[in-house]
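Architecture at a glance
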Amino acid sequence: MAIEHLVQEHGIERTDIFVAAEGASNTAGDHAAGGDTQAGEPTPESRGDAALYGRIAVSVDMADDAKARAVRATFADFAGQVDQS
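Attention in this report is confined to the structure presented alongside it. Because the structure is predicted, anything quoted here is derived from the model rather than measured.

How each quantity is defined
Each chain has its residues counted from 1, running along the sequence as written. The predicted nature of this model means local features are confined to residues of pLDDT at least 70 and side-chain atom pairs, given and counted, to a pLDDT of 80 or more, with totals for whole chains, interfaces and linings taken over all residues. For side-chain calculations, the full set of non-hydrogen atoms in the structure is used, while hydrogens and water are omitted. Note on conventions: DSSP H or I runs of at least 4 residues are helices, E runs of at least 2 residues are strands, and numbering of each starts at the N terminus. Between two residues, a contact is recorded if the distance between any of their heavy atoms is within 4.5 Å. By this rule, a helix spans an expected 1.5 Å times one less than how many residues it contains. The cut-offs for exposure are 20% and 50% of the maximum accessible area for each residue type, with area from a 1.4 Å probe on protein chains only; residues under the lower value are buried, those over the upper are exposed, and the others partly exposed. Directions from the helix axis toward the C-beta atoms define the arc. Only buried Ala, Val, Leu, Ile, Met, Phe, Trp, Tyr and Cys residues count toward a nonpolar core, and they belong to the same one when joined by side-chain atoms within 4.5 Å. Here, a salt bridge means any Lys or Arg side-chain nitrogen found within 4 Å of an Asp or Glu carboxyl oxygen.

1. Re the overall build of the protein chain
Across its full length, the protein chain carries 2 helices and 2 strands. If you list the helices and strands of the protein chain from N to C, you get α-β-β-α. For the protein chain, the share of sequence-separated contacts (at least 6 apart) that also reach a separation of at least 24 residues comes to 64%.

Put into C-alpha cells, the structure is as follows:
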C-alpha cells in the first residue's frame, strides 16, 4: 500500500523504489496483516499459522528533500519504520 501511495499520490517513479528482504529470510514481514488475518472483520484477530520470518526493506532513491519528507510520512502512515540513512 505504501508503495502505491508513493507512486500515485506523490509521483515517485517505480524504478526509484526498491523492495527486498531485510535479511536471508523470506519477505513475509514480521506481523500478521492482510491475507494472514481473518477477512471481513474491522479488527481481525491474529492467526498463529502465518509464516512471519523477516521484515521487508523498502528504499527510495531521491535527492528531493520535499519528496523525502513525503516518503517518510507515507511509511509512518503505514506503520513502517524509517531509517533516514
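2. Quick word on helix 2 (residues 65–77)
End to end, helix 2 covers 18 Å across 13 residues, agreeing with the expected 18 Å (1.5 Å per residue, within 8%). For helix 2, the full list of buried residues reads A68, A70, V71, T74 and F75. Taken around the axis of helix 2, the buried residues stretch over an arc of 160°, which confines them to a single face. The exposed set on the far side of helix 2, more than 90 degrees from its buried face, consists of D65, R69 and D77. The elements touched by buried residues of helix 2 are helix 1 (2–10) and strand 2 (56–60).

3. Observations concerning the nonpolar core
Counting 7 residues, the largest nonpolar core consists of A2, L6, V7, I12, I17, V71 and F75. Of all the elements in the fold, those that place two or more residues in this core are helix 1 and helix 2. By residue number, the principal contributor to this core is helix 1, which donates 3 residues.

4. A look at the pattern of salt bridges
Counted by the stated rule, this structure contains 1 salt bridge. In this structure, the salt-bridge partner of E4 is R14, at a minimum N-O distance of 2.7 Å. Placement of the pair is E4 in helix 1 and R14 in the loop between helix 1 and strand 1 (17–21), with a sequence separation of 10 residues. Take R14: its relative accessible area is 48%, and that puts it in the partly exposed class.

5. Remarks on the side chain of T74
Mapped onto the secondary structure, T74 falls in helix 2. On the accessibility criterion, T74 (1% relative accessible area) is buried. Excluding residues within four positions of it along the chain, T74 makes contact with A2, H5, L6 and H10.

6. Quick look at the environment of V71
Here V71 is to be found in helix 2. In this structure the C-alpha to C-alpha distance between V71 and S59, which are 12 residues apart in sequence, comes to 9.4 Å. Filtering out sequence-adjacent residues up to four positions away, V71 remains in contact with L6, I12, V60 and M62.

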